[in-house]
Amino acid sequence: MPGNPLVQLEQVIKTFPLRKGWFEKEKGNVHAVNGVDLEIFSGETLGLVGESGCGKSTLGSLILRLLKVDSGAIRLDGRDLTELNRKELFALRRQMQVIFQDPYASLNPRMTIGETLCEPLIIHRLGSKQDREARVDELLRLVGLSPDVGSRYPHEFSGGQRQRIGIARALALNPKLIIADEPVSSLDVSIRGEVLNLLMSLQERFGLTLLFISHDLTVVQHVSHRIAVMYLGKIMEIFPAREFGSARHPYTHALVSAIPIPKPEHQKKRIILQGDVPSPVHLPKGCVFHPRCPYAEPRCREEEPKLVSINGGHKVACHYIAKMPTVAEYFPGAST
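Definitions and limits used
Residues numbered from 1 in each chain as written. Predicted model: local features only at pLDDT ≥ 70, side-chain atom pairs only at ≥ 80, totals over all residues. Heavy atoms only, no water. Pairing = 2+ DSSP bridges. Helix = DSSP H or I, 4+ residues; strand = E, 2+ residues; numbered from the N terminus. Salt bridge = Lys/Arg side-chain N within 4 Å of Asp/Glu carboxyl O. Core = buried A, V, L, I, M, F, W, Y, C linked by side-chain atoms within 4.5 Å. Buried < 20%, exposed > 50% of the residue type's maximum accessible area, 1.4 Å probe, protein only. Contact = heavy atoms within 4.5 Å. Polar contact = N/O pair within 3.5 Å; in protein donor to acceptor, adjacent residues only side chain to side chain. Axes fitted to C-alpha atoms, helices over the stretch in contact; angles between N-to-C directions. Parallel < 35°, antiparallel > 145°, perpendicular 65-115°, else oblique. Left-handed = near helix turned anticlockwise from the far one by under 90°. Expected span 1.5 Å × (residues − 1). Arc of directions from axis to C-beta.

Caption draft 1: Region of interest: the sheet that holds strand β5 (residues 79-80). Strands sit in the order β2-β1-β4-β5 across an open sheet of four strands; the sheet is antiparallel. Both outer strands of the open sheet, β2 (25-41) and β5, are each paired with one neighbouring strand and no more.

In C-alpha coordinates, the structure reads:
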(Lines give C-alpha, C1' and ligand atoms only; values in the text may rest on other atoms or scores of the structure.)
Protein backbone atom coordinates (compact mmCIF):
# COMPACT_ATOMS: atom_id res chain seq x y z
CA MET A 1 0.00 0.00 0.00
CA PRO A 2 1.14 3.61 -0.58
CA GLY A 3 1.20 4.38 3.19
CA ASN A 4 -0.58 4.02 6.50
CA PRO A 5 -4.39 4.29 6.73
CA LEU A 6 -5.45 7.95 6.57
CA VAL A 7 -9.17 7.15 6.77
CA GLN A 8 -10.68 4.24 8.69
CA LEU A 9 -14.38 3.33 8.72
CA GLU A 10 -15.69 0.82 11.25
CA GLN A 11 -19.24 -0.53 10.99
CA VAL A 12 -20.61 2.74 9.61
CA ILE A 13 -24.40 2.82 9.36
CA LYS A 14 -26.62 5.56 7.93
CA THR A 15 -30.39 5.42 7.45
CA PHE A 16 -32.87 8.04 6.31
CA PRO A 17 -36.46 8.12 7.62
CA LEU A 18 -39.15 7.43 5.02
CA ARG A 19 -42.14 9.71 5.64
CA LYS A 20 -45.56 9.69 3.95
CA GLY A 21 -48.91 11.43 4.21
CA TRP A 22 -50.07 14.88 5.28
CA PHE A 23 -48.45 14.59 8.68
CA GLU A 24 -45.28 12.97 7.31
CA LYS A 25 -45.51 9.98 9.58
CA GLU A 26 -42.45 7.79 9.56
CA LYS A 27 -43.13 4.62 7.54
CA GLY A 28 -39.70 3.03 7.78
CA ASN A 29 -36.04 3.72 7.09
CA VAL A 30 -33.97 3.76 3.92
CA HIS A 31 -30.74 1.84 4.63
CA ALA A 32 -28.23 3.89 2.65
CA VAL A 33 -25.00 2.65 4.27
CA ASN A 34 -25.22 -0.63 6.13
CA GLY A 35 -22.21 -1.60 8.26
CA VAL A 36 -19.26 -0.50 6.10
CA ASP A 37 -15.67 -1.30 7.11
CA LEU A 38 -13.14 0.43 4.89
CA GLU A 39 -9.62 1.86 4.93
CA ILE A 40 -8.14 4.49 2.64
CA PHE A 41 -4.36 4.56 2.74
CA SER A 42 -2.30 7.72 2.70
CA GLY A 43 -1.24 8.66 -0.82
CA GLU A 44 -3.54 6.22 -2.63
CA THR A 45 -6.58 6.58 -4.84
CA LEU A 46 -9.38 4.26 -3.76
CA GLY A 47 -12.06 3.83 -6.40
CA LEU A 48 -15.59 3.25 -5.11
CA VAL A 49 -17.86 1.76 -7.75
CA GLY A 50 -21.43 0.46 -7.88
CA GLU A 51 -24.88 1.02 -9.34
CA SER A 52 -26.75 4.28 -8.82
CA GLY A 53 -28.39 4.33 -5.40
CA CYS A 54 -25.96 1.88 -3.79
CA GLY A 55 -24.79 4.42 -1.20
CA LYS A 56 -21.50 5.65 -2.74
CA SER A 57 -22.16 9.38 -2.47
CA THR A 58 -23.75 8.99 0.96
CA LEU A 59 -20.58 7.28 2.17
CA GLY A 60 -18.50 10.19 0.84
CA SER A 61 -20.75 12.69 2.61
CA LEU A 62 -20.40 10.76 5.87
CA ILE A 63 -16.60 10.87 5.65
CA LEU A 64 -16.75 14.63 5.07
CA ARG A 65 -19.21 14.95 7.97
CA LEU A 66 -21.75 16.60 5.66
CA LEU A 67 -24.03 13.90 7.09
CA LYS A 68 -23.98 12.41 10.58
CA VAL A 69 -23.60 8.67 11.03
CA ASP A 70 -26.23 6.68 12.92
CA SER A 71 -23.52 4.48 14.39
CA GLY A 72 -19.94 3.45 13.76
CA ALA A 73 -16.64 5.29 13.67
CA ILE A 74 -14.93 7.37 10.97
CA ARG A 75 -11.31 8.23 11.73
CA LEU A 76 -9.09 10.71 9.91
CA ASP A 77 -5.46 10.43 11.00
CA GLY A 78 -6.65 8.54 14.06
CA ARG A 79 -9.23 11.13 15.15
CA ASP A 80 -12.85 9.99 15.25
CA LEU A 81 -14.80 12.57 13.22
CA THR A 82 -18.09 11.45 14.75
CA GLU A 83 -16.99 12.68 18.20
CA LEU A 84 -15.74 16.14 17.22
CA ASN A 85 -17.60 19.27 18.23
CA ARG A 86 -18.31 22.10 15.78
CA LYS A 87 -15.11 24.03 16.54
CA GLU A 88 -12.89 20.95 16.28
CA LEU A 89 -14.57 19.89 13.04
CA PHE A 90 -14.10 23.34 11.50
CA ALA A 91 -10.36 23.17 12.13
CA LEU A 92 -10.18 19.70 10.62
CA ARG A 93 -12.11 20.61 7.47
CA ARG A 94 -8.95 22.10 5.97
CA GLN A 95 -7.69 18.52 5.63
CA MET A 96 -10.73 17.21 3.68
CA GLN A 97 -12.17 18.64 0.49
CA VAL A 98 -14.59 17.56 -2.21
CA ILE A 99 -14.89 17.74 -6.01
CA PHE A 100 -18.55 17.69 -7.00
CA GLN A 101 -20.19 15.94 -9.93
CA ASP A 102 -21.73 19.03 -11.55
CA PRO A 103 -19.02 21.68 -12.01
CA TYR A 104 -21.57 24.37 -12.87
CA ALA A 105 -24.01 23.83 -9.99
CA SER A 106 -21.12 23.73 -7.50
CA LEU A 107 -19.89 27.21 -8.45
CA ASN A 108 -21.63 30.40 -7.31
CA PRO A 109 -22.72 32.21 -10.51
CA ARG A 110 -22.53 35.58 -8.71
CA MET A 111 -18.87 35.19 -7.75
CA THR A 112 -15.87 35.52 -10.01
CA ILE A 113 -13.48 32.60 -10.23
CA GLY A 114 -10.94 34.54 -8.20
CA GLU A 115 -13.49 35.18 -5.45
CA THR A 116 -14.50 31.51 -5.45
CA LEU A 117 -10.92 30.31 -5.01
CA CYS A 118 -10.17 32.98 -2.42
CA GLU A 119 -13.25 32.21 -0.29
CA PRO A 120 -11.85 29.17 1.59
CA LEU A 121 -8.66 31.12 2.36
CA ILE A 122 -10.73 33.96 3.83
CA ILE A 123 -12.96 31.63 5.85
CA HIS A 124 -9.93 29.94 7.42
CA ARG A 125 -8.07 33.28 7.79
CA LEU A 126 -5.02 32.26 5.82
CA GLY A 127 -2.53 34.85 4.60
CA SER A 128 -2.80 38.51 3.73
CA LYS A 129 -4.76 39.85 0.77
CA GLN A 130 -1.63 39.75 -1.38
CA ASP A 131 -0.87 36.19 -0.25
CA ARG A 132 -4.38 35.07 -1.16
CA GLU A 133 -4.21 36.69 -4.58
CA ALA A 134 -0.90 34.96 -5.25
CA ARG A 135 -2.38 31.63 -4.10
CA VAL A 136 -5.32 32.03 -6.50
CA ASP A 137 -2.93 32.62 -9.41
CA GLU A 138 -0.92 29.56 -8.37
CA LEU A 139 -4.03 27.37 -8.17
CA LEU A 140 -5.18 28.40 -11.65
CA ARG A 141 -1.78 27.55 -13.10
CA LEU A 142 -1.79 24.16 -11.34
CA VAL A 143 -4.98 23.15 -13.16
CA GLY A 144 -3.86 24.44 -16.53
CA LEU A 145 -5.68 27.80 -16.60
CA SER A 146 -4.32 31.31 -17.00
CA PRO A 147 -4.41 33.58 -13.91
CA ASP A 148 -6.15 36.14 -16.14
CA VAL A 149 -9.42 34.14 -15.93
CA GLY A 150 -9.81 35.01 -12.24
CA SER A 151 -11.99 38.01 -13.08
CA ARG A 152 -14.46 35.97 -15.14
CA TYR A 153 -17.66 34.21 -14.07
CA PRO A 154 -18.56 30.47 -14.22
CA HIS A 155 -20.93 30.79 -17.18
CA GLU A 156 -18.03 31.97 -19.34
CA PHE A 157 -16.28 28.58 -19.14
CA SER A 158 -16.80 25.16 -20.67
CA GLY A 159 -17.68 22.14 -18.54
CA GLY A 160 -14.12 20.88 -18.52
CA GLN A 161 -12.75 24.28 -17.52
CA ARG A 162 -15.33 24.58 -14.73
CA GLN A 163 -14.29 21.20 -13.36
CA ARG A 164 -10.67 22.35 -13.41
CA ILE A 165 -11.79 25.30 -11.31
CA GLY A 166 -13.55 22.90 -8.94
CA ILE A 167 -10.30 20.94 -8.61
CA ALA A 168 -8.39 24.17 -7.92
CA ARG A 169 -10.86 25.07 -5.16
CA ALA A 170 -10.42 21.62 -3.60
CA LEU A 171 -6.63 22.18 -3.53
CA ALA A 172 -6.80 25.68 -2.04
CA LEU A 173 -6.27 24.63 1.60
CA ASN A 174 -3.64 21.94 0.89
CA PRO A 175 -5.88 19.06 2.05
CA LYS A 176 -4.76 15.52 2.83
CA LEU A 177 -7.98 13.93 1.56
CA ILE A 178 -10.08 14.75 -1.50
CA ILE A 179 -13.36 13.01 -2.24
CA ALA A 180 -14.14 13.16 -5.96
CA ASP A 181 -17.82 12.35 -6.44
CA GLU A 182 -18.40 11.38 -10.09
CA PRO A 183 -16.05 14.21 -11.19
CA VAL A 184 -16.13 13.40 -14.94
CA SER A 185 -19.58 11.88 -15.46
CA SER A 186 -21.09 15.18 -16.66
CA LEU A 187 -18.23 15.95 -19.08
CA ASP A 188 -17.87 15.15 -22.76
CA VAL A 189 -15.96 11.96 -23.43
CA SER A 190 -13.21 13.90 -25.21
CA ILE A 191 -12.60 16.00 -22.06
CA ARG A 192 -12.76 13.23 -19.45
CA GLY A 193 -9.28 11.92 -20.16
CA GLU A 194 -7.73 15.38 -19.69
CA VAL A 195 -9.43 15.89 -16.32
CA LEU A 196 -8.57 12.37 -15.14
CA ASN A 197 -4.91 12.79 -16.11
CA LEU A 198 -4.87 16.15 -14.30
CA LEU A 199 -6.21 14.53 -11.13
CA MET A 200 -3.65 11.74 -11.34
CA SER A 201 -0.74 14.12 -11.84
CA LEU A 202 -1.85 16.36 -8.94
CA GLN A 203 -2.34 13.30 -6.72
CA GLU A 204 1.20 12.16 -7.43
CA ARG A 205 2.72 15.64 -7.16
CA PHE A 206 1.20 16.52 -3.78
CA GLY A 207 0.80 13.04 -2.30
CA LEU A 208 -2.96 13.45 -2.07
CA THR A 209 -5.29 10.74 -0.84
CA LEU A 210 -8.35 10.36 -3.08
CA LEU A 211 -11.66 8.59 -2.75
CA PHE A 212 -12.83 8.44 -6.38
CA ILE A 213 -16.56 7.67 -6.59
CA SER A 214 -17.99 6.50 -9.91
CA HIS A 215 -20.40 4.06 -11.55
CA ASP A 216 -17.95 3.58 -14.44
CA LEU A 217 -15.63 0.66 -13.72
CA THR A 218 -13.28 1.47 -16.60
CA VAL A 219 -12.67 5.00 -15.29
CA VAL A 220 -12.16 3.69 -11.75
CA GLN A 221 -9.69 1.07 -12.98
CA HIS A 222 -7.70 3.76 -14.83
CA VAL A 223 -7.21 6.14 -11.89
CA SER A 224 -7.22 3.90 -8.79
CA HIS A 225 -4.70 1.93 -6.77
CA ARG A 226 -7.48 -0.17 -5.24
CA ILE A 227 -11.15 -0.68 -6.11
CA ALA A 228 -14.05 -1.18 -3.69
CA VAL A 229 -17.32 -2.54 -5.10
CA MET A 230 -20.49 -1.44 -3.29
CA TYR A 231 -24.03 -2.85 -3.46
CA LEU A 232 -27.06 -1.82 -1.39
CA GLY A 233 -24.98 -0.02 1.21
CA LYS A 234 -22.42 -2.80 1.66
CA ILE A 235 -18.90 -3.42 0.38
CA MET A 236 -18.93 -6.61 -1.69
CA GLU A 237 -15.28 -6.72 -2.76
CA ILE A 238 -12.00 -4.80 -2.47
CA PHE A 239 -9.02 -5.57 -4.71
CA PRO A 240 -5.89 -3.91 -6.18
CA ALA A 241 -6.68 -2.23 -9.50
CA ARG A 242 -3.59 -3.80 -11.10
CA GLU A 243 -5.09 -7.21 -10.24
CA PHE A 244 -8.41 -6.46 -11.90
CA GLY A 245 -8.49 -9.93 -13.43
CA SER A 246 -8.46 -11.55 -9.98
CA ALA A 247 -11.84 -10.06 -8.92
CA ARG A 248 -14.21 -12.88 -7.96
CA HIS A 249 -17.53 -11.61 -6.60
CA PRO A 250 -20.58 -12.35 -8.83
CA TYR A 251 -21.66 -8.71 -8.62
CA THR A 252 -18.22 -7.58 -9.84
CA HIS A 253 -18.62 -10.04 -12.74
CA ALA A 254 -21.90 -8.32 -13.66
CA LEU A 255 -20.27 -4.86 -13.59
CA VAL A 256 -17.42 -6.08 -15.82
CA SER A 257 -19.95 -7.63 -18.19
CA ALA A 258 -21.60 -4.22 -18.64
CA ILE A 259 -18.38 -2.56 -19.87
CA PRO A 260 -18.71 -1.79 -23.61
CA ILE A 261 -16.25 -3.62 -25.86
CA PRO A 262 -14.96 -1.63 -28.88
CA LYS A 263 -14.10 -4.78 -30.89
CA PRO A 264 -17.01 -7.21 -31.45
CA GLU A 265 -14.62 -10.15 -31.84
CA HIS A 266 -13.61 -9.65 -28.19
CA GLN A 267 -17.21 -9.70 -26.94
CA LYS A 268 -17.51 -11.00 -23.37
CA LYS A 269 -20.14 -13.31 -21.96
CA ARG A 270 -23.04 -11.01 -21.13
CA ILE A 271 -24.36 -11.31 -17.59
CA ILE A 272 -27.89 -10.02 -17.13
CA LEU A 273 -28.86 -10.08 -13.48
CA GLN A 274 -32.36 -11.41 -12.88
CA GLY A 275 -34.94 -9.50 -10.87
CA ASP A 276 -34.87 -5.97 -9.53
CA VAL A 277 -32.60 -4.38 -6.94
CA PRO A 278 -34.24 -5.05 -3.54
CA SER A 279 -35.78 -2.10 -1.73
CA PRO A 280 -33.31 -0.32 0.59
CA VAL A 281 -36.25 0.03 2.99
CA HIS A 282 -36.66 -3.75 3.33
CA LEU A 283 -33.23 -5.29 2.85
CA PRO A 284 -33.20 -9.04 2.18
CA LYS A 285 -32.08 -11.36 4.94
CA GLY A 286 -28.65 -12.93 4.59
CA CYS A 287 -26.51 -11.71 1.69
CA VAL A 288 -28.08 -8.57 0.19
CA PHE A 289 -27.08 -9.76 -3.29
CA HIS A 290 -28.64 -13.23 -3.08
CA PRO A 291 -31.98 -12.32 -4.80
CA ARG A 292 -30.03 -11.56 -8.01
CA CYS A 293 -27.04 -13.88 -7.62
CA PRO A 294 -26.90 -16.81 -10.09
CA TYR A 295 -24.88 -18.84 -7.57
CA ALA A 296 -27.11 -18.29 -4.51
CA GLU A 297 -27.67 -21.25 -2.21
CA PRO A 298 -29.85 -21.66 0.92
CA ARG A 299 -27.08 -20.42 3.22
CA CYS A 300 -26.96 -17.12 1.30
CA ARG A 301 -30.62 -16.47 2.16
CA GLU A 302 -30.05 -16.90 5.89
CA GLU A 303 -26.50 -15.88 6.79
CA GLU A 304 -24.81 -12.59 5.92
CA PRO A 305 -21.27 -13.12 4.57
CA LYS A 306 -18.39 -11.22 6.17
CA LEU A 307 -15.84 -9.25 4.18
CA VAL A 308 -12.80 -11.51 4.52
CA SER A 309 -9.29 -11.42 3.10
CA ILE A 310 -8.49 -14.10 0.51
CA ASN A 311 -5.12 -12.87 -0.72
CA GLY A 312 -3.23 -9.92 0.74
CA GLY A 313 -5.26 -6.80 0.08
CA HIS A 314 -8.04 -8.68 -1.73
CA LYS A 315 -11.25 -8.99 0.32
CA VAL A 316 -14.59 -10.54 -0.70
CA ALA A 317 -17.98 -10.89 1.00
CA CYS A 318 -19.22 -14.26 -0.27
CA HIS A 319 -19.83 -17.65 1.37
CA TYR A 320 -18.74 -19.61 -1.69
CA ILE A 321 -15.89 -17.50 -2.98
CA ALA A 322 -13.64 -20.55 -3.41
CA LYS A 323 -15.98 -21.78 -6.16
CA MET A 324 -16.23 -18.47 -8.00
CA PRO A 325 -14.21 -17.91 -11.18
CA THR A 326 -12.04 -14.83 -11.44
CA VAL A 327 -12.79 -12.08 -13.93
CA ALA A 328 -9.88 -13.30 -16.06
CA GLU A 329 -11.28 -16.85 -16.05
CA TYR A 330 -14.87 -15.80 -16.76
CA PHE A 331 -13.90 -13.14 -19.32
CA PRO A 332 -10.64 -14.30 -20.98
CA GLY A 333 -10.39 -11.03 -22.93
CA ALA A 334 -10.85 -8.81 -19.86
CA SER A 335 -8.08 -6.43 -18.90
CA THR A 336 -5.79 -7.59 -16.13
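Having put the structure on the table, let's press on.
Caption draft 2: Expanded view of the pattern of salt bridges. In the structure shown here, the tally under the stated rule is 12 salt bridges. Lys176 is the partner of Asp77 in a salt bridge, and the nearest nitrogen-oxygen pair spans 2.4 Å. One end of the pair, Asp77, is in the loop between β4 (71-76) and β5; the other, Lys176, is in the loop between α5 (159-171) and β7 (177-181), with 99 residues separating them in the sequence. A salt bridge links Glu304 to Lys234, with the nearest nitrogen and oxygen atoms 2.6 Å apart.

Caption draft 3: Up close: the nonpolar core. Counting residues in hydrophobic clusters, the biggest one holds 58 residues, and the most contacted among them are Ile167 and Ile227. In this structure Ile227 touches Leu46, Gly47, Val49, Leu217, Val220, Gln221, Glu237, Ile238, Phe239, Ala241 and Phe244, once residues within four positions along its chain are discounted. Formed by 32 residues, the second largest nonpolar core is a distinct cluster that contains Val33, Ile40, Leu62 and Met230.

Caption draft 4: Summary view of the side chain of Gln163. The residue Gln163 is located in helix α5 in this model. For Gln163, a relative accessible area of 1% puts it in the buried group. At 2.7 Å, the side chain of Gln163 forms a polar contact with the backbone oxygen of Pro183.

Caption draft 5: Molecular detail of the pairing of strand β1 (residues 5-20). Here 13 bridges tie β1 to β2, and the two strands are oriented antiparallel to one another. Pairing of Val7 across the sheet is with Ile40, part of β2.

Caption draft 6: Quick peek at the pairing of β7. Summarising burial for β7: five of the five residues are buried, a large majority. By the alternation rule, side chains of β7 split into Leu177, Ile179 and Asp181 and Ile178 and Ala180, which are all buried. Bridge analysis of strand β6 (residues 96-99) against β7 gives four bridges, and the strand direction is parallel. Paired with Ile99 across the bridge in β7 is Ala180. Across five bridges, β7 lies against strand β8 (residues 209-214) in parallel orientation. Along β8, the bridge assignment pairs Leu177 with Thr209.

Caption draft 7: Up close: the packing of α5 against helix α6 (residues 189-206). The N-to-C vectors of α5 and α6 enclose an angle of 15°; their axes lie 10 Å apart at closest approach. Taken together, α5 and α6 sit at an angle that is classed as roughly parallel. Crossing handedness for the pair α5 and α6: right-handed. Judged by residue contacts, Gly160, Gln163, Arg164, Ile167 and Leu171 of α5 engage Ile191, Glu194, Val195, Leu198, Leu199 and Leu202 from α6.

Caption draft 8: How the structure looks around α6. Helix length check: α6 (18 residues) gives 26 Å between terminal C-alpha atoms against 26 Å at 1.5 Å per residue, within 8%. Turning to α6, its buried residues are Val195, Leu196, Leu198, Leu199, Leu202 and Gln203. On an axial view of α6, the arc spanned by its buried residues comes to 160°, and they lie on one face. Turned more than 90 degrees away from the buried face of α6, the exposed residues are Ser190, Glu204 and Arg205. Looking at the buried residues of α6, the elements they touch are β3 (45-49), β6, α4 (129-142), α5, β8 and α7 (217-223).

Caption draft 9: Up close: the sheet that holds strand β10 (residues 234-240). Spatial strand order, β6-β7-β8-β3-β9-β10-β12-β11: eight strands in an open sheet with mixed pairing. Every interior strand has two partners, whereas the edge strands, β6 and β11 (308-311), have only one. If you compare each strand with its neighbour and ignore which way they point, the axes differ by 25° on average. Pairing of β11 with strand β12 (residues 314-316), which is carried by three bridges, proceeds in the antiparallel orientation. What sits directly across from Ser309, in β12, is Lys315. The sheet strands contacting α6 are β3, β6 and β8, and the helix crosses β8 at an angle near 160°. Running over the sheet, helix α8 (residues 250-257) touches β3, β9 (226-231) and β10 and is turned about 105° from β9.

These figures capture arrangement, not role.
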